[in-house]
Amino acid sequence: MRESGLMGNIYTICEWIMRFSVTNLLWILFNIPLVFIGLSLLFINSIQDAIILTPFLLLCFPFCLFPATSAMFALVRDWIINQEKASILGTFWGYYKENYKQSMQAGIIFALLWFIWAVDYSYFQQENIVLMFVFLIMGVIFYVFTLLFFSVIVHYNLDLKTLLKKAFILTVGSPVLFFSIIIVTGIILLVSIQNLPIIIPFFTGSLIAFITFSAFYRFFLRVKEEGK
């Protein structure tokens, strides 16, 4: 039985810190190949090295990043809808296996789309400043679309085409949801990268997942209530 009062509040805070940190560490652990390639890209000496590493980076999207991130969002969903299980590790692994195939298929699509965007943005960064900003805005939209896709894939039991459609409609059809996600997660990323990089391994990913699914779920409940 939990204690009430000050000790109860301290216990709750510690419990949530543990949840976020363990989940974030699991997410990184399941993305070790992506982390290794990403760190390697920071220390490359030539464009040729980047060209060699890029295909391996793209392969990490469907086979590492998307299944692991889907598992993290599914775990966070349990917290938000009050269905959390006893074991974080066991639950994470269960969702990882359960959603692996569909997450991998989605990862292939998103890897190709992000690759096309990155090539176009890099090209226009040198050639046309106006189009560069157009693609920058597109990148922001695509970022929110990707996050909302993770929320959708763990909340609905639907085919991939329908999930992509739902995520896209949410991205372009709800300005409040869109700007809530981009502002709050943007602040988390900015603080993590520029001011507190120490929190990246422990909180950044799980916090972004929590904020994104919370915003999505509130929107979902509001639409459901209005539909009655």
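Model, not experiment: these values are computed from the prediction. Position labels on residues start from 1 in each chain and follow its written sequence. Two thresholds apply to this predicted model, a pLDDT of at least 70 for residue-level local features and 80 or more for giving and counting side-chain atom pairs, whereas whole-chain, interface and lining totals are computed over all residues. With hydrogens and water excluded, all non-hydrogen atoms of the structure serve as input to the side-chain values.

## Structural notes on the overall build of the protein chain
- Across its full length, the protein chain carries nine helices and zero strands.
- By the criteria applied, helices consist of DSSP H or I runs no shorter than four residues and strands consist of E runs no shorter than two, each listed in order from the N terminus. Helices and strands appear in the protein chain in the N-to-C order α-α-α-α-α-α-α-α-α.
- Taken over the C-alpha trace, the protein chain has a radius of gyration of 19 Å; the compact-globule value for 228 residues is 17 Å, and the two agree within 12%.
- Referenced to the eigenvectors of the C-alpha coordinate spread, the extents of the protein chain come out at roughly 60 × 45 × 35 Å.
- Only protein chains enter the area calculation, which uses a 1.4 Å probe; residues under 20% of their type maximum are buried, those over 50% are exposed, and those in between are partly exposed. Taken over 228 residues, the protein chain has a buried fraction of 40%.
- By definition, residues are in contact when any of their heavy atoms lie within 4.5 Å. A fraction of 71% describes how many contacts in the protein chain between residues 6 or more apart in sequence connect residues 24 or more apart.
- Of the roughly 13400 Å² of accessible surface on the protein chain, a fraction of 72% belongs to carbon and sulfur atoms. Throughout, radius of gyration means the C-alpha value; the globule benchmark is 2.2 Å times the number of residues raised to the power 0.38. Using a 1.4 Å probe, accessible areas were evaluated by the Shrake-Rupley method; residue-level cover was limited to the displayed protein chains.

## Here we look at the packing of helix H5 (residues 100-127) against helix H7 (residues 160-173)
- Here the axes come from fitting lines to C-alpha atoms, over the contacting stretch only for helices, and the angles between their N-to-C directions go from 0 to 180 degrees. Axis separation between H5 and H7 bottoms out at 11 Å; the angle between their running directions is 55°. Our classification of the angle between H5 and H7 gives oblique. Like other packed secondary-structure pairs, H5 and H7 cross with a definite hand, here right-handed. Along its contact with H5, which presents Gln-102, Gln-105, Ala-106, Ile-109 and Phe-110, the element H7 presents Leu-160, Leu-163 and Leu-164.
- Residues are sorted three ways: Asp, Glu, Lys and Arg are charged, Ala, Val, Leu, Ile, Met, Phe, Trp, Tyr, Cys and Pro are nonpolar, and all the rest, Gly among them, are polar. For the contact of H5 with H7, the residue count by class is six nonpolar, two polar and no charged. Every angle not falling under 35 degrees, over 145, or within 65 to 115 is termed oblique; those three ranges are roughly parallel, roughly antiparallel and roughly perpendicular. Should the near helix be turned anticlockwise from the far one by less than a right angle, the crossing is termed left-handed; should it be turned clockwise, right-handed.

## A word on the layout of surface pockets
- Taken as a whole, the largest pocket holds about 1500 Å³ of empty space.
- A cavity, in this analysis, means grid points on a 1 Å lattice covering only the protein atoms where a 1.4 Å probe fits yet has no way out; a pocket is instead an open set bounded by protein on both sides within 12 Å along at least five of seven lines, and a residue lines either one if it has an atom within 4 Å of a point. If you go around the largest pocket, you meet 33 residues; those closest to its centre are Trp-27, Leu-34, Phe-61, Leu-65 and Leu-189.
- The dominant element in the lining of the largest pocket, judged by the number of residues it contributes, is helix H3 (residues 47-80), at nine residues.
- Of the residues belonging to the lining of the largest pocket, the class tally is 25 nonpolar, eight polar and no charged.
- Grid points are joined across faces, edges and corners, and a volume is the space filled by probe spheres set on the points. Here the second largest pocket is characterised by a volume of approximately 260 Å³.

## Notes on the environment of Phe-135
- Looking at where Phe-135 falls in the secondary structure, it is placed in helix H6 (residues 129-155).
- Residue classification places Phe-135 among the buried residues on the basis of a relative accessible area of 13%.
- Once the C-alpha coordinates of Phe-135 and Ser-122 are considered, the two residues, 13 residues apart in sequence, prove to be 9.5 Å apart.
- What Phe-135 contacts, discounting residues up to four positions off in sequence, is Trp-117, Asp-120, Tyr-121 and Phe-124.

## Considering the side chain of Ser-70
- With respect to the helices, strands and loops of the structure, Ser-70 is situated in helix H3.
- Given a relative accessible area of 0%, Ser-70 falls into the buried group.
- When residues no more than four places from it in sequence are discounted, the contact partners of Ser-70 are Ser-103, Phe-150, Ile-153 and Val-154.

## Brief notes about a nonpolar patch on the surface
- The patch calculation keeps residues exceeding 30% relative accessible area without a salt bridge and links them within 9 Å when they carry like charges or within 5 Å when they are nonpolar (Val, Leu, Ile, Met, Phe, Trp, Tyr). Within this document, salt bridges are pairs made up of a side-chain nitrogen of Lys or Arg and a carboxyl oxygen of Asp or Glu, the two lying within 4 Å of each other. A contiguous nonpolar surface patch, about 780 Å² in accessible area, is contributed by Leu-25, Phe-179, Ile-183, Val-184, Ile-187, Val-191, Leu-196, Ile-198 and Phe-202.
- Top element by residues in the nonpolar patch is helix H8 (residues 175-195). It accounts for five residues.
- Within the secondary structure, Val-184 sits in helix H8.
- For Val-184, a relative accessible area of 33% translates into the label partly exposed.

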